[in-house]
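Descriptive analysis of the structure
Letter by letter, the chains look like this.
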Amino acid sequence: MKSADIFEFYRRLAEANPDPQTELEFGNTYQLLVAVTLSAQATDVGVNKATRALFEIVKTPQDMLDLGEEGLKHHIKTIGLFNSKAKNVMAMAEILVREHGGEVPADRDELVKLPGVGRKTANVVLNCAFGAETFAVDTHIFRVGNRTGLAKGKNVDAVERSLEKKTPKPFRVGAHHWLILHGRYICKARTPECWRCPVVDLCGYKDKVLERKKK
């Protein structure tokens, strides 16, 4: 995709959604970190259902330690891999209290040292909490990048590097949100809804679905 088309691609997504936000629900940076950690191989909807009651009582890493691992499991048992995620979240809380004064560090290197936190999770937290120009590539963004030709790559790291290089300045903070929402609701995995896509003419996908299928 040419530079002018990339700019127009983002411009249209931005016009349709001027203030894109994550669909995860949270009240502070620590709750965001927990929610993103829990969202691995789970839907935002499922995570939100599990964390609403949890976040009423857990607002800090110390609150999480006071709740305890079994208490946490009770809240998140509907989420996939909840046993291992509970262990990671508790270990994470311990480190945040011991080494960071209970605060979430605004540094990728420090974030990825935390149990259960990989580069993608760190990028989401840095972007959503601290306004950093990061590109957290999940399955949706990987698909959109490759399918449209916006940012091709054989793996998530390659797509992230491509987005980092190609995304114009005005759109760098919001890019992650626009792309994930586009992949979630329009450029879907099985059947992309090209018939209602605002960037269909810019997209390089050959097998466009230009007519809505009748139910």
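Residues numbered from 1 in each chain as written. Predicted model: local features only at pLDDT ≥ 70, side-chain atom pairs only at ≥ 80, totals over all residues. Heavy atoms only, no water.

1. Quick notes on a positive patch on the surface
Residues K152, K165, K166 and K206 make up a contiguous surface patch of positive charge. Turning to its location among the elements, K152 is positioned in the loop between α9 (139-148) and α10 (156-166). By relative accessible area, K152 is classed as exposed at 56%. (Patch = residues over 30% accessible without salt bridge, like charges linked within 9 Å, V, L, I, M, F, W, Y side chains within 5 Å. Areas by Shrake-Rupley, 256 points an atom, 1.4 Å probe, with all protein chains shown as cover. Salt bridge = Lys/Arg side-chain N within 4 Å of Asp/Glu carboxyl O. Lys, Arg positive; Asp, Glu negative; His and termini not counted. Charge placed at Lys NZ, Arg CZ, Asp CG, Glu CD. Helix = DSSP H or I, 4+ residues; strand = E, 2+ residues; numbered from the N terminus. Buried < 20%, exposed > 50% of the residue type's maximum accessible area, 1.4 Å probe, protein only.)

2. Notes on the side chain of R143
Along the chain, R143 falls in helix α9. D138 provides the closest opposite charge to the buried, salt-bridge-free R143, at an N-O distance of 7.3 Å. Here G183 takes part through its backbone oxygen, which lies 2.7 Å from a polar atom of the side chain of R143. For R143, the contacting residues outside a window of four places in its chain are G183, R184, C187, K188 and A189. (Polar contact = N/O pair within 3.5 Å; in protein donor to acceptor, adjacent residues only side chain to side chain. Contact = heavy atoms within 4.5 Å.)

3. Here's the deal with the pattern of salt bridges
The full count for this structure, using the stated rule, is 19 salt bridges. Residues R184 and E23 are paired through a salt bridge, measuring 2.5 Å at the closest nitrogen-oxygen approach. Here the residue R184 occupies a position in helix α11 (residues 175-185), and E23 occupies one in the loop between α1 (3-16) and α2 (29-38), the gap between them amounting to 161 residues. Among the residues examined, R184 registers a relative accessible area of 21% and is labelled partly exposed. Where R52 meets E25, a salt bridge forms, and the shortest distance between an N and an O atom there is 2.8 Å. Placement of R52 in helix α3 (residues 44-57) and of E25 in the loop between α1 and α2 is noted, with a sequence separation of 27 residues between them. A residue is classified by how much of its surface remains accessible, and E25, at 34% relative accessible area, is partly exposed.

4. Let's talk about the environment of C197
Relative to the helices and strands, C197 resides in the segment after α11. Given the relative accessible area of 15%, C197 is considered buried. For C197 and Y185, which are 12 residues apart along the polypeptide, the C-alpha to C-alpha distance reads 9.9 Å. Among all residues touching C197, those that are not within four sequence positions of it are H182 and I186.

5. Describing the packing of aromatic side chains
Note on aromatic pairs: each is described by the distance of the centres and the angle between the planes. Using the criterion set out here, one finds 4 aromatic pairs in the structure. Considering the side-chain rings of F171 and W178, the 6.1 Å spacing of their centres and the 70 degrees angle between planes classify their relative orientation as edge-to-face. Given a relative accessible area of 8%, F171 falls into the buried group. Three or more aromatic residues link up through ring pairs in this structure, and these residues are F7, F9, Y10, F171 and W178. Stacked on the ring of W195, the Lys or Arg R196 has its end atom at 5.9 Å from the ring centre. (Phe/Tyr/Trp six-rings, centres within 6.5 Å; stacked < 30°, edge-to-face > 60°. Lys NZ or Arg CZ within 6 Å of the ring centre and 35° of its normal.)

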